[in-house]
Amino acid sequence: MRNRFVVILLMFCACPVFSLSAQALQVLVGMNKPPYIQIETADGYEIELLRALVKRMGATAEFTHVPNKRIQSLLQQNIGDMATLQPLKANEPGLYYSCPYIRYQNVVVSLEVQQLVIDQISDLNNLSVLAFQNASAALGDEFRDMAKQSFKYRETIEQRTQVESLHKMRVQAVVMDINIFYYHHDKIDPPQQVQVHPLFTPSYYRVAFRDKKLADAFNQALQQFWQSPEYQQLQQRYLISDQSSVQALCPVS
């Protein structure tokens, strides 16, 4: 599918936490990234999570898919009402940030048969590594320095290609979110046994708004959703690793 705007119109919620009079909110989200975002089927864990939260806000949502790098800048240009996937450190003037709503967990994965010892980032120096796009900018200074110095390091936007390359032994290690890895890994027949090397701390993301009332309403909806059975059911449906640590970063109001 072309990288065009994809709009999903959601049904009005009968029990809003903040009445928006059935207002449609334009939600800026990233491109195809299963199991989080699946454009062809208009769903995925992140899409359905945001759908449920906007519904609890008493609004409908229209999802606009754009590259991650453009999400915040579009909001600052008065395009869209909500900019997703904003890091904790983000603090742009004129924007209001929600509590973290989602956690990504990047890891290094290698094939078990190769018995590689990867206990720290420096262990990647002499390995052929295929990482997700912009990993060198997202995973800290030590990883960035390793990526600059290693002639065997590459990045790709195609995360299915990462997993396929690992299984075909075209690379020795891949760097990607654990849930994205297993989404593609489970579709390989037959899959090889792998080793997961947890070198990175979790990445928590917030939503940015231009309107503080919307940010407050989103936080209220988020806290309510965490207490509902739907939250665990949603994680189970998409086989998402436990997200409970997200709640610890949001004080109860």
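The coordinates are above.
The structure reproduced in this document is the subject of the present report. (Residues numbered from 1 in each chain as written. Predicted model: local features only at pLDDT ≥ 70, side-chain atom pairs only at ≥ 80, totals over all residues. Heavy atoms only, no water.)

**Details of the layout of surface pockets**
Step number 1: Taken as a whole, the second largest pocket encloses approximately 190 Å³ of empty space.
Step number 2: Every residue lining the second largest pocket is counted, 11 residues in all, and those nearest its centre are Glu48, Ala52, Lys55, Phe225 and Glu230.
Step number 3: Where the lining of the second largest pocket is concerned, the elements lending two or more residues are helix 1 (45-56) and helix 8 (229-237).
Step number 4: The element best represented in the lining of the second largest pocket is helix 1, accounting for 5 residues.
Step number 5: In terms of residue class, the lining of the second largest pocket is made up of 4 nonpolar, 1 polar and 6 charged. (1 Å grid on protein atoms, 1.4 Å probe; cavity = no way out; pocket = protein on both sides within 12 Å on 5 of 7 lines; lining within 4 Å. Points joined across faces, edges and corners; volume = space filled by probe spheres on them. Helix = DSSP H or I, 4+ residues; strand = E, 2+ residues; numbered from the N terminus. Nonpolar A, V, L, I, M, F, W, Y, C, P; charged D, E, K, R; others polar.)

**A few points about the sheet that holds strand 8 (residues 153-156)**
Step number 1: On the basis of which strands lie adjacent, the open sheet formed by 5 strands has the order 8-7-9-6-10 and mixed pairing. Edge positions in the sheet fall to strand 8 and strand 10 (194-197), since each has one partner strand and no second. Strand-to-strand twist across the sheet, computed as the mean angle between neighbouring axes with direction ignored, equals 25°.
Step number 2: In the sheet, strand 6 (residues 106-111) pairs with strand 9 (residues 173-177) via 4 bridges, with the strands oriented antiparallel. Residue pairing across strands places Val107 opposite Met176, the latter belonging to strand 9.
Step number 3: Packed on one face of the sheet, helix 5 (residues 159-167) meets strand 6, strand 7 (129-132), strand 8 and strand 9 and runs near 150° to strand 9.
Step number 4: Sitting on the sheet, helix 6 (residues 178-185) is in contact with strand 6, strand 9 and strand 10, with an inclination near 115° to strand 9. (Pairing = 2+ DSSP bridges. Axes fitted to C-alpha atoms, helices over the stretch in contact; angles between N-to-C directions. Contact = heavy atoms within 4.5 Å.)

**Focus: the packing of aromatic side chains**
Step number 1: Under the definition given, this model contains 8 aromatic pairs.
Step number 2: Judged by centre distance (6.4 Å) and plane angle (85°), the ring pair of Tyr101 and Phe218 falls under edge-to-face. Remark: Phe218 occurs in helix 7 (residues 212-226) and Tyr101 occurs in the loop between strand 4 (96-97) and strand 5 (102-104); sequence separation between them is 117 residues.
Step number 3: Through a chain of ring-to-ring contacts, the aromatic side chains of Tyr36, Tyr104 and Tyr205 assemble into a single cluster.
Step number 4: The side chain of Lys187 reaches across the aromatic face of Tyr183, ending 3.7 Å from its centre. (Phe/Tyr/Trp six-rings, centres within 6.5 Å; stacked < 30°, edge-to-face > 60°. Lys NZ or Arg CZ within 6 Å of the ring centre and 35° of its normal.)

**Some thoughts on the packing of helix 1 against helix 7**
Step number 1: One can describe the packing of helix 1 onto helix 7 by two numbers: an axis separation of 9 Å at closest approach and a directional angle of 115°. Relative to helix 7, the element helix 1 is oriented roughly perpendicular. Where helix 1 crosses over helix 7, the two elements pack in a sense that is right-handed. Counting all contacts with helix 1, which are made through Leu49, Leu50, Ala52, Leu53 and Arg56, the residues of helix 7 involved are Phe218, Ala221, Leu222, Gln224 and Phe225.
Step number 2: Considered class by class, the residues forming the contact of helix 1 with helix 7 number 8 nonpolar, 1 polar and 1 charged. (Parallel < 35°, antiparallel > 145°, perpendicular 65-115°, else oblique. Left-handed = near helix turned anticlockwise from the far one by under 90°.)

**Some words on the environment of Val171**
Step number 1: With respect to the helices, strands and loops of the structure, Val171 is situated in the loop between helix 5 and strand 9.
Step number 2: Of the residues examined, Val171 reaches a relative accessible area of 4% and is grouped as buried.
Step number 3: Each C-alpha atom of the pair Val171 and Leu127 lies 8.0 Å from the other, and the pair is 44 residues apart in sequence.
Step number 4: Sequence-distant contacts of Val171, that is, excluding residues within four places in its chain, are made with Ser128, Leu130, Arg154, Ser165 and Leu166. (Buried < 20%, exposed > 50% of the residue type's maximum accessible area, 1.4 Å probe, protein only.)

**What to know about the state of the cysteines**
Step number 1: Scanning the model with the defined rule gives 1 disulfide in all.
Step number 2: A disulfide bridge connects Cys99 with Cys250, and the sulfur atoms are separated by 2.1 Å. A torsion of 65° about the S-S bond marks the disulfide between Cys99 and Cys250 as right-handed. Residue Cys99 is found in the loop between strand 4 and strand 5, and its partner Cys250 is found in the segment after helix 8; the two are separated by 151 residues along the sequence. (Disulfide = S-S within 2.5 Å.)

**What to know about the nonpolar core**
Step number 1: Tyr45, Tyr101 and Phe218 are the most contacted members of the largest nonpolar core, which has 55 residues in total.
Step number 2: It is helix 7 that contributes the most residues to this core, 8 residues altogether.
Step number 3: Apart from residues lying up to four places away in sequence, Phe218 is in contact with Leu50, Leu53, Met57, Met82, Ser98, Tyr101, Val207 and Phe209.
Step number 4: Listed in part, the 18 residues of the second largest apolar core include Ile118, Val129, Leu139 and Phe200. (Core = buried A, V, L, I, M, F, W, Y, C linked by side-chain atoms within 4.5 Å.)

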